[in-house]
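A look at the structure
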Amino acid sequence: SHSSEYNEYRLQQHPLSLEANGTKSLPQAIIIGVKKGGTRALLEFLRLHPKIRAPGPEPHFFDKNYDRGLDWYREQMPPTTVGQMTIEKTPSYLITRDVPRRIFEMSKNIKLIVVVRDPVTRAISDYTQAISKRPDIKSFEQFAFLDNKTRLVDTSWGAIKIGVYAKHFEKWLQYFPMEQFHFVSGEELITNPAQEVANVQKFLGLDRLITKRNFHLNGSKGFPCLRKFGSGKPHCLNKSKGRPHPRIDPDIIERLRDFYKPFNAKFYQMCGRDFGWQ
Ligand code: A3P
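Residues numbered from 1 in each chain as written. Predicted model: local features only at pLDDT ≥ 70, side-chain atom pairs only at ≥ 80, totals over all residues. Heavy atoms only, no water.

Some words on the site of the ligand
Rules: Think of it this way: one heavy atom of a residue within 4 Å of a molecule or strand is enough to make that residue near it. Under the rule applied, a polar contact is a pair of N or O atoms within 3.5 Å (in protein, one hydrogen donor and one hydrogen acceptor; residues adjacent in sequence only if both atoms are side-chain atoms). Accessibility throughout is a Shrake-Rupley quantity obtained with a 1.4 Å probe, and a residue counts as covered only by protein chains that appear here. Counting from the N terminus, the helices are the DSSP runs of H or I reaching at least four residues and the strands are the DSSP runs of E reaching at least two.
Inspection of the region around the ligand gives 18 residues, with T39, S125, P224, G242 and H245 positioned closest. G37 is positioned with one of its backbone polar atoms (N or O) 3.3 Å from an oxygen atom of the ligand. One of the backbone N or O atoms of G242 is found 2.8 Å from an oxygen atom in the ligand. When the ligand is considered free in solution it has 570 Å² of accessible area, and contact with the protein chains removes 96% of it. Broken down by element, the residue count for the shell around the ligand peaks at four residues, all from helix α2 (residues 39-46).

Side note on the packing of α2 against helix α10 (residues 193-203)
Note the cut-off: Note on definitions: angles span 0 to 180 degrees between N-to-C directions of axes, and those axes are lines fitted to C-alpha atoms, for helices only across the stretch in contact. If an angle is under 35 degrees, it is roughly parallel; if it is over 145, roughly antiparallel; if it lies from 65 to 115, roughly perpendicular; otherwise it is oblique. We call two residues in contact when some of their heavy atoms are within 4.5 Å. Here the term charged refers only to Asp, Glu, Lys and Arg, the term nonpolar to Ala, Val, Leu, Ile, Met, Phe, Trp, Tyr, Cys and Pro, and the term polar to all other amino acids, Gly among them.
Their axes nearest at 11 Å, the elements α2 and α10 cross at an angle of 70°. One finds that α2 runs roughly perpendicular with respect to α10. Taken together, the residues of α10 that come into contact with α2 (itself represented by L42, F45 and L46) are P193, V197 and V200. Its residues assigned to classes, the contact of α2 with α10 shows six nonpolar, no polar and no charged.

Remarks on the sheet that holds strand β7 (residues 181-185)
Applied cut-off: Criterion used throughout: strands pair if DSSP finds at least two bridges between them.
With parallel pairing, five strands are arranged side by side in an open sheet as β3-β5-β2-β6-β7. With partners counted over all chains shown, the strands left at the sheet margins are β3 (52-53) and β7, one partner each. Here four bridges tie strand β2 (residues 29-33) to strand β6 (residues 111-116), and the two strands are oriented parallel to one another. Counterpart to A29 in the pairing with β6 is K111. In the packing of α10 onto the sheet, the strands contacted are β6 and β7, and the crossing angle to β7 comes to about 170°.

Quick word on the side chain of N264
Condition: Buried residues are those whose accessible area, probed at 1.4 Å on protein chains only, stays under 20% of the maximum for their type, while exposed residues exceed 50% and partly exposed ones sit between those limits.
Summarising the element assignment, N264 is placed in helix α11 (residues 250-271). When its relative accessible area of 6% is taken as the criterion, N264 is described as buried. With sequence-adjacent residues up to four places away left out, N264 is seen in contact with P119 and W277.

Here's the deal with the state of the cysteines
What counts, and what does not: Cysteine sulfurs are considered disulfide-paired once they come within 2.5 Å of each other.
One pass over the structure, following the stated rule, counts one disulfide. C225 shares a disulfide with C236; S-S distance 2.0 Å. Note on the C225 and C236 pair: the S-S dihedral is about 95°, so by sign convention the disulfide is right-handed. With C225 in strand β9 (residues 224-226) and C236 in the loop between β9 and α11, the pair connects residues that are 11 residues apart, well separated along the chain. Note on C236: relative accessible area 31%, which makes it partly exposed.

Comments concerning the packing of helix α5 (residues 119-133) against α11
Relative orientation of the contacting elements α5 and α11 amounts to 125°, with a least axis distance of 9 Å. In this view, α5 runs oblique relative to α11, as classed from their interaxial angle. In this structure, α5 uses P119, V120 and I124 to contact α11, whose residues at the interface are I253, L256, R257, Y260 and N264. When grouped by side-chain class, the residues that make up the contact of α5 with α11 number six nonpolar, one polar and one charged.

Considerations on α10
Along an α-helix, residues three or four positions apart point the same way, because every turn accommodates 3.6 residues. Most of α10 is tucked away, with eight of its 11 residues classed as buried. Those residues of α10 that fall on the buried side of the exposure criterion are P193, A194, E196, V197, A198, V200, Q201 and F203. Buried residues in α10 make contact with α2, β6, β7, α9 (186-191), β8 (215-217) and β9. At the C-terminal side of α10, G205 shows a positive phi close to 75°.

Some thoughts on a negative patch on the surface
The line we're drawing: Only residues above 30% relative accessible area that lack a salt bridge enter a patch, with like-charged residues linked at up to 9 Å and the nonpolar side chains Val, Leu, Ile, Met, Phe, Trp and Tyr linked at up to 5 Å. By definition, a salt bridge exists where a carboxyl oxygen of Asp or Glu is found within 4 Å of a side-chain nitrogen of Lys or Arg. For this count, His and the chain ends are skipped, Lys and Arg are scored as positive, and Asp and Glu as negative. To locate a charge, take NZ of a lysine, CZ of an arginine, CG of an aspartate or CD of a glutamate.
There is a patch of like negative charges on the surface, built from D249, D251, E254 and D258. Here D251 is to be found in helix α11.

Some thoughts on the pairing of strand β5 (residues 85-89)
Within β5, five of the five residues are buried, which leaves it mostly tucked inside the rest of the structure. Of the two faces of β5, both are covered, the one formed by M85, I87 and K89 as well as the one formed by T86 and E88. The pairing of β2 with β5 spans three bridges and is parallel. Across the sheet, I31 pairs through a bridge with K89, a residue of β5. Of the pairings in the sheet, the one linking β3 to β5 comprises two bridges and is parallel in character. For I52, the partnering residue across the bridge sits in β5 and is M85.

Pasting the structure below:
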């Protein structure tokens, strides 16, 4: 999915980013997660802002490419001019142990953005992505439970583990104060993108240039598409985003909701926002 996401980026490349002048900078803000939360949508929306520049692909610097060094990381960034901000997104950062410390060592003042989504829907989305690549894998419930009798949740399954946001976020708070984080509701990013993106622009200290005029609801899929400034035709994310999910038995969903309930409550408390995942 990385390469298809990258093509997305190329289609939307801002004309000014082709300018030869400008130098590359390390990011001043990073979208650190969460996988399947709506991170691509958020990045593509933010890229409409003339003061934001971002690489298309996920650099995976702080988790997979750390040995390549900061010069390599900077090289992955697009050139920027004075007053422009560099942003990247790599959703695996949120859940990777060494990443908070490594980011802190690069820049202790960095702004960190987390797109979160109901962990149950997120797990199903994650599973949907996995079956799209390997259609022969086990069923969702076979992965989710240790056995079908007790229905104890298999917390070692990645799709489940990623959704325990409070546990992951705790590690970040050992390095950064709360003021450096901003949370985006993955649900609201779909139903009310202009408001969610307004909050992010405010957090980043940018003028509110991206407004409801930049969003166009795609009737067929039900997801907002983006409309660039001075351009008529809306651009939707590609087909790997907003996939139809397989039907999961309501009992199974209920069981998972119970599992996540205390972790969600803790997370709401930590970040001071109730995301309303019931
Ligand atoms: P689904 O495909 O399960 O619906 P990420 O980019 O972090 O992998 O997140 C993918 C999710 O972004 C999609 O999951 C979809 O629900 C969500 N999303 C949010 N806004 C979207 C938009 N405007 N277009 C398509 N998908 C969007």
